[in-house]
Amino acid sequence: MMEMSEKIDLDQFDKEEFLGPSLKSCPGCSATIVARFALKALGKDTIVIIPASCLATLLATNTQTGIKIPYLHALFECGSSTATGVKHAMMRKGKENVNVVTIAGDSGSMDIGFQALSGAAIRNEDIIHICYDNESAMNTGGQLNSCTPFGARTPDWPLGKRLMKKDAPSIMAAHNIPYVATASISHLEDFYMKLKKAKKIKGFRYIHVLSPCPISWGYDGRYTVEIARKAVESGLWMLYEIENGSFNLTYKPERRIPVEEYLRMQRRFDTLTDDDARKVQEIVNELWRRYEE
Amino acid sequence: MSNLPSVEELPEAIIARFGTQKAKTGNWRTNEIEIDQDKCDFCMRCVVFCPDGAIKVSEGKLKMDLDYCKGCCICIEECPKNAIKEERKVELP
Ligand SMILES: Cc1ncc(C[n+]2csc(CCOP(=O)(O)OP(=O)(O)O)c2C)c(N)n1
Ligand code: SF4
Ligand code: SF4
């Protein structure tokens, strides 16, 4: 393994914990890693909005929450409009410095939630949007959505999707917002640095985090971090940021591993033929060729 | 505006308070997870990657909070020193 001997300096992360124990996530779920580090970075003066998703339900039951800061469970389609309202209410009360963050799934960001998200982005509302991308509508059983990658099986496309994954960060960058970044739960230092940077910027900030789901992707939960790492090391998932329009690669794999090493760890790609796997490899090669130009 | 109820007056189902910790998700576990303190060299990878925040640093040692560890084994996969072990209690199909 590439960076397995790497020590992690705990001091770079804020000490305070905002996620309680006893979260109702499946063993090995990475959504809690996203939320834990997002809230650590943003700190206690934060209000979090979560539209319908696994994260929304695993953080709270009817009468109790597992989160120590104000949390609003928004309707599925309006995470960003709810966040807009909360931010404006805070401004009216003279509490401009309160961070308002939406943490939404990929459907809650890029499908049903897209209209609200796009609207808030184009108005450049002073809020942060974090999309944790498990590449399916997982809270209802892993149905296909626009972030499901090419070739992945879902209950509603059992032979494997024949369409491409939506390039969400580029779509958000096209809104000309001050900050767009991608991240992965396997590269926490990188994710944390981006959260801290986003916190300081005014206006709409968007961070898209790859967040593997053992149930949807079909692997033993113990490999969650390894799979996310392989997505990055194969070059399939590029870590970058776009700050005021200027692109900056934040991590470059030393030597890209073949994408098949990533794909073949997951049962959702069981129906992916070798030809199709080559096609995915070509897409990745092309992505990096374009970057290197 | 003044006719609106205050937060305190809202029913519990609308306003939930912090308190899930009473339910011990550790009892979902079908295995036992143990850390060998002699092999551990404090790289802290298990601490940051445990999705349930179940590994704590206390008095220079790592401590598993078995009340909440779900037994996912991410810590085992991320440990470069093979210091964490799993013992299966139930064979899964
Ligand atoms: C208007 C509406 N339609 C459907 C649902 C049912 N629903 C709840 S969560 C969810 C899927 C969430 O998917 P995503 O945003 O990708 O988050 P994930 O659960 O995958 O983390 C659906 C379809 C709903 N709550 N509201
Ligand atoms: S279904 Fe997936 S995303 Fe949802 S709680 Fe389980 S592991 Fe997490
Ligand atoms: S088995 Fe999973 S839940 Fe338990 S301590 Fe290890 S990483 Fe955390």
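Everything quoted here is computed from the prediction, not taken from an experiment.

So, how was this worked out
- Residues numbered from 1 in each chain as written.
- Chains lettered and ligands numbered in written order.
- Predicted model: local features only at pLDDT ≥ 70, side-chain atom pairs only at ≥ 80, totals over all residues.
- Heavy atoms only, no water.
- Pairing = 2+ DSSP bridges.
- Helix = DSSP H or I, 4+ residues; strand = E, 2+ residues; numbered from the N terminus.
- Axes fitted to C-alpha atoms, helices over the stretch in contact; angles between N-to-C directions.
- Contact = heavy atoms within 4.5 Å.
- Near = heavy atom within 4 Å.
- Nonpolar A, V, L, I, M, F, W, Y, C, P; charged D, E, K, R; others polar.
- Buried < 20%, exposed > 50% of the residue type's maximum accessible area, 1.4 Å probe, protein only.
- pLDDT = per-residue confidence, 0-100.
- Salt bridge = Lys/Arg side-chain N within 4 Å of Asp/Glu carboxyl O.
- Polar contact = N/O pair within 3.5 Å; in protein donor to acceptor, adjacent residues only side chain to side chain.
- Areas by Shrake-Rupley, 256 points an atom, 1.4 Å probe, with all protein chains shown as cover.
- Phe/Tyr/Trp six-rings, centres within 6.5 Å; stacked < 30°, edge-to-face > 60°.
- Lys NZ or Arg CZ within 6 Å of the ring centre and 35° of its normal.

1. Concerning the sheet that holds strand β7 (residues 205-210) of chain A
All names here are of chain A. Strand order in the open sheet formed by 8 strands is β3-β1-β4-β5-β7-β6-β8-β9, with mixed pairing between adjacent strands. The outermost strands of the open sheet, each flanked by one partner alone, are β3 (71-74) and β9 (246-251). The sheet shows a mean angle of 20° between the axes of neighbouring strands, direction not considered. Of the pairings in the sheet, the one linking strand β6 (residues 179-184) to strand β8 (residues 239-243) comprises 3 bridges and is antiparallel in character. Bridge pairing in β8 places Y179 opposite E243. Contacting β1 (46-51), β4 (99-105), β5 (128-133) and β7, helix α1 (residues 31-42) runs over the sheet at an angle of about 160° to β5.

2. Considerations on the site of ligand 3
In the vicinity of ligand 3, the contacting residues are I33, C50, P51, I55, M64, C69, K70, G71, C72, C73 and C75 of chain B. Class assignment of the residues belonging to the shell around ligand 3 gives a composition of 9 nonpolar, 1 polar and 1 charged.

3. Re the environment of A89 of chain A
Residue and element names in this part refer to chain A. Tracing the backbone through its elements, the reader meets A89 in helix α3 (residues 79-92). Residue classification places A89 among the partly exposed positions, given a relative accessible area of 36%. Considered as a pair, A89 and S30 are 59 residues apart in the sequence and their alpha carbons are 32 Å apart.

4. What to know about unusual backbone geometry
Residues and elements named next belong to chain A. Phi at S22 takes a positive value of approximately 65°, unusual for a residue other than glycine. Mapped onto the elements, S22 comes out in the segment before α1. Accessibility expressed as a relative area gives 2% for S22, which makes it buried. Phi is positive for E135, which is not a glycine, with a value near 60°. For E135, the location among the structural elements is in the loop between β5 and α6 (168-173). The exposure class of E135 is buried, given its relative accessible area of 5%.

5. Here's the deal with the pairing of strand β3 (residues 55-58) of chain B
Residues and elements named next belong to chain B. Where β3 meets strand β4 (residues 61-64), 4 bridges bridge the pair, whose relative direction is antiparallel. Bridging across to β4, K56 finds its partner in K63. In textbook terms, the turn of a hairpin is the stretch between consecutive antiparallel strands, and for β3 and β4 this stretch comprises 2 residues, one of which, E59, has a positive phi near 50°.

6. A few points about the confidence of the model for chain B
Within chain B, residue pLDDT values average 90, and 96% of them lie at 70 or more. Both scores are available for the predicted complex, with the pTM at 0.96 and the ipTM at 0.95.

7. So, the interface of chain B and chain A
At the interface, 35 residues of chain B touch 39 residues of chain A. Connecting chain B to chain A are 4 salt bridges. Residue R222 of chain A pairs with E86 of chain B through a salt bridge whose shortest N-O separation is 2.9 Å. At the surface where chain B touches chain A, the tally comes to 17 residue pairs in polar contact (both at pLDDT 80 or more). Listed by contribution, the elements that provide at least two residues to the side of chain B that touches chain A are β1 (17-18), α1 (45-49) and α2 (74-78) of chain B. A total of 4 residues in the side of chain B that touches chain A trace back to one element, the largest contributor, which is α1 of chain B. Within the side of chain B that touches chain A, the residues separate by chemical class into 19 nonpolar, 5 polar and 11 charged.

8. Description of the site of ligand 1
Residues and elements named next belong to chain A. In the vicinity of ligand 1, 18 residues are found, and the nearest of them are G108, Y132, S136, M138 and N139. In the model, an oxygen atom of ligand 1 is placed 2.5 Å from a nitrogen or oxygen of the Y132 side chain. A distance of 2.9 Å separates an oxygen atom of ligand 1 from a polar side-chain atom of N134. Its free accessible area being 590 Å², ligand 1 has 73% of it covered by the protein chains. For the shell around ligand 1, a count of residues per class yields 7 nonpolar, 9 polar and 2 charged.

9. Focus: the packing of aromatic side chains
All names here are of chain A. One pass over the structure, following the stated rule, counts 6 aromatic pairs over all chains. Arranged with centres 6.3 Å apart and planes meeting at 85°, the rings of F37 and Y192 form a pair that is edge-to-face. In this pair, F37 is assigned in helix α1 and Y192 in helix α7 (residues 188-200), connecting sequence segments 155 residues apart. Accessibility expressed as a relative area gives 3% for F37, which makes it buried. What makes Y192 buried here is its relative accessible area of 3%. Among the aromatic residues, those joined into a ring-pair cluster are Y240, F247, W288 and Y291. Taking the ring centre of F114 as reference, the NZ or CZ of K166 above it sits at 5.1 Å. Cation over ring: R268 sits above W217, and NZ or CZ is 3.9 Å from the ring centre.

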